[in-house]
Amino acid sequence: MILPESFYERKDVVKIARELIGKVLVTNFDSVKTSGIIVETEAYAGASDKASHAFGNRRTNRTEVMYAHGGISYVYLCYGIHHLFNVVTNVKDVPHAILIRAIEPLEGIEAMLERRGKEKLTPVLTAGPGAMSMALGILTRHTGLPLSGPDIYIEDRNINIRKADIISGTRVGVDYAAEDALLPYRFWLRDNKYVSKGKGL
DNA sequence: CAAACGATTTTCT
DNA sequence: GAAAATCGTTTGG
């Protein structure tokens, strides 16, 4: 089933980030369906999180969509090249978001290989937020779309994930956030080949 | 209006 | 392991 809006509108962004592990992210652009199991996420707790674009309730054109109610997408262009896909959570005016960092490919692998210019299926295809977005065809113009479909949505397919296999740790690429860079806001599946290496660890 | 920078990935040494 | 690629957003004049 497709996750309902009530799933995203809860107030504990870290808990939602953990629960997204094992769910299935699906995109359906231009009649091409691609999907994968979410194996890595990071929580960004808005106003109180120095690593978040919305730290201190900073409000700009770019971050505006984070202040909407939960259940929509937030896509941000990083380093002028990479499109990073986030899920907006919590209620209106609370800018929480979850970065989806990696998936394990399920459907539309051929299309993903073509989008990435690859020939063989390797973890590099979708390990890492920029690579994953490109494989799924996600662009900045897809920001603000509802995650209830039809273009993009997240499903619960009752994939069995053992709680003990969900590992938490520090986030990647946010060293500048001082003490907030130490928070255990990153979650991933133990021993999964598609989890990005990040910089540390 | 001009300048600096980033929630990254790829490629070269 | 180190450095480049590359552009929208943000910030300062």
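Residues numbered from 1 in each chain as written. Chains lettered and ligands numbered in written order. Predicted model: local features only at pLDDT ≥ 70, side-chain atom pairs only at ≥ 80, totals over all residues. Heavy atoms only, no water.

Caption draft 1: Geometry of the protein's contact with DNA strand C. Residues in contact with DNA strand C, as listed here, are Arg58, Thr60, Arg62, Leu77, Tyr79, Gly80 and Ile81. Of all DNA strand C atoms lying within 4 Å of any protein atom, the proportion belonging to sugar or phosphate reaches 75%. Between Arg62 and DNA strand C, the recorded distance is 3.1 Å, taken from a side-chain N or O atom to a sugar or linking oxygen. Note that a base oxygen of DNA strand C is positioned 2.6 Å from one of the backbone N or O atoms of Tyr79. Taken together, the residues of the surface near DNA strand C break down into three nonpolar, two polar and two charged. (Near = heavy atom within 4 Å. Polar contact = N/O pair within 3.5 Å; in protein donor to acceptor, adjacent residues only side chain to side chain. Nonpolar A, V, L, I, M, F, W, Y, C, P; charged D, E, K, R; others polar.)

Caption draft 2: Up close: the environment of Phe29. With respect to the secondary-structure elements, Phe29 resides in strand 1 (residues 24-29). According to the relative accessible area criterion, Phe29 is buried, its value standing at 8%. Linking Phe29 and Pro150, residues 121 residues apart in sequence, is a C-alpha distance of 8.9 Å. Beyond its immediate sequence surroundings of up to four residues, Phe29 is in contact with Arg115, Leu136, Gly137, Ile138, His142, Asp151 and Ile152. (Helix = DSSP H or I, 4+ residues; strand = E, 2+ residues; numbered from the N terminus. Buried < 20%, exposed > 50% of the residue type's maximum accessible area, 1.4 Å probe, protein only. Contact = heavy atoms within 4.5 Å.)

Caption draft 3: Region of interest: the packing of aromatic side chains. Taken as a whole and assessed by the stated rule, the structure comprises one aromatic pair. Centre to centre, the rings of Phe7 and Tyr8 are 5.3 Å apart; their planes meet at 85°, and the pair counts as edge-to-face. Here the two residues Phe7 and Tyr8 agree in accessibility, since each one is buried. A cation over an aromatic ring shows up here: Arg59 above the ring of Tyr67, its NZ or CZ 4.2 Å from the ring centre. Between Arg186 and the ring centre of Trp188, over which it is positioned, the NZ or CZ distance is 4.7 Å. (Phe/Tyr/Trp six-rings, centres within 6.5 Å; stacked < 30°, edge-to-face > 60°. Lys NZ or Arg CZ within 6 Å of the ring centre and 35° of its normal.)

Caption draft 4: Seen up close, the pattern of salt bridges. Scanning the model with the defined rule gives 14 salt bridges in all. In this structure, the salt-bridge partner of Arg101 is Glu40, at a minimum N-O distance of 3.0 Å. One end of the pair, Arg101, is in strand 5 (residues 96-105); the other, Glu40, is in strand 2 (residues 32-45), and 61 residues separate them in sequence. Assigned by exposure class, Arg101 and Glu40 land together as buried. Where Arg101 meets Glu42, a salt bridge forms, and the shortest distance between an N and an O atom there is 3.5 Å. Taken together, the residues span a long stretch of sequence, with Arg101 in strand 5 and Glu42 in strand 2 at a distance of 59 residues. The buried category is assigned to Arg101, whose relative accessible area is 6%. Via salt bridges that share partners, Lys33, Glu107, Glu155 and Arg157 belong to a single interconnected network. (Salt bridge = Lys/Arg side-chain N within 4 Å of Asp/Glu carboxyl O.)

Caption draft 5: Geometry of the protein's contact with DNA strand B. Around DNA strand B sit 24 residues in total, of which Tyr79, His82, Asn86, Gly128 and Tyr176 are the nearest. When atoms of DNA strand B within 4 Å of the protein are sorted by moiety, sugar and phosphate together comprise 48%. At 3.4 Å from a phosphate oxygen of DNA strand B is found a main-chain nitrogen or oxygen belonging to Gly128. Take Gly130: an N or O atom from its main chain is 3.0 Å from a phosphate oxygen of DNA strand B.

Caption draft 6: Inspection of the environment of Ile37 at higher detail. Tracing the sequence through the fold places Ile37 in strand 2. For Ile37, a relative accessible area of 13% gives the class buried. Separated by 57 residues in the primary sequence, Ile37 and Val94 have C-alpha atoms spaced 27 Å apart.

Caption draft 7: View of the packing of helix 3 (residues 109-116) against helix 4 (residues 129-136). It is at 7 Å that the axes of helix 3 and helix 4 come closest, and there the two elements cross at 115°. Helix-helix and strand crossings are classified by hand; for helix 3 and helix 4 the assignment is right-handed. Of the residues in helix 4, those in contact with Met112, Arg115 and Arg116 of helix 3 are Ala131, Met134, Ala135 and Leu136. Among the residues forming the contact of helix 3 with helix 4, the class breakdown is five nonpolar, no polar and two charged. (Axes fitted to C-alpha atoms, helices over the stretch in contact; angles between N-to-C directions. Left-handed = near helix turned anticlockwise from the far one by under 90°.)

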